[in-house]
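Structural overview for review
This is what each chain is made of:
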Amino acid sequence: MKMRPWLLLLAATGLFGAGCVNVKPWQRGTLADYTMNQDRDPAGTALNQHIWFSRETASGGQGVGGGGCGCN
């Protein structure tokens, strides 16, 4: 029972420490490359959206902000 707070602290440290990454200036060129772009293949993106919407039986919501009923 005494081990539980240490285990929680270790898990929290691992969870929050994993997302902290400093990008060096010479690494930014690699990250800004065209191949790192998520929508570099429009046909593949459309296919993935079609598969997702077919499975979820829902459509829309890609890249569009807002919501509500549309009433004025």
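Below: a short report on this structure. (Residues numbered from 1 in each chain as written. Predicted model: local features only at pLDDT ≥ 70, side-chain atom pairs only at ≥ 80, totals over all residues. Heavy atoms only, no water.)

A look at the overall build of the protein chain
A count of helices and strands for the protein chain gives three helices and zero strands. Mapped from its N terminus to its C terminus, the protein chain presents α and β elements in the order α-α-α. Every one of the 72 residues in the protein chain was classed for burial, and the buried ones make up 0%. Carbon and sulfur atoms make up 61% of the accessible area of the protein chain, which amounts to about 7100 Å² in all. (Helix = DSSP H or I, 4+ residues; strand = E, 2+ residues; numbered from the N terminus. Buried < 20%, exposed > 50% of the residue type's maximum accessible area, 1.4 Å probe, protein only. Areas by Shrake-Rupley, 256 points an atom, 1.4 Å probe, with all protein chains shown as cover.)

Thoughts on the environment of R40
Along the polypeptide, R40 turns up in the loop between α2 (28–31) and α3 (42–56). Overall, the relative accessible area of 41% leaves R40 in the partly exposed class. Leaving out residues up to four positions away in the same chain, R40 has contacts with Y34 and T35. (Contact = heavy atoms within 4.5 Å.)

Some details on a nonpolar patch on the surface
On the surface, a nonpolar cluster with roughly 360 Å² of combined accessible area is contributed by V21, V23, L31 and M36. Classification of V21 by relative accessible area gives exposed; the value is 61%. (Patch = residues over 30% accessible without salt bridge, like charges linked within 9 Å, V, L, I, M, F, W, Y side chains within 5 Å. Salt bridge = Lys/Arg side-chain N within 4 Å of Asp/Glu carboxyl O.)

What to know about the environment of V23
As for its placement among the helices and strands, V23 is situated in the loop between α1 (4–17) and α2. Among the residues examined, V23 registers a relative accessible area of 32% and is labelled partly exposed. When near neighbours in sequence (up to four residues on either side) are disregarded, V23 contacts R28 and L31.

Comments concerning α1
The end-to-end C-alpha distance of α1 is 20 Å, a good match for the 20 Å that 14 residues give at a rise of 1.5 Å each. Across the 14 residues of α1, zero count as buried, placing the element largely on the outside. (Expected span 1.5 Å × (residues − 1).)

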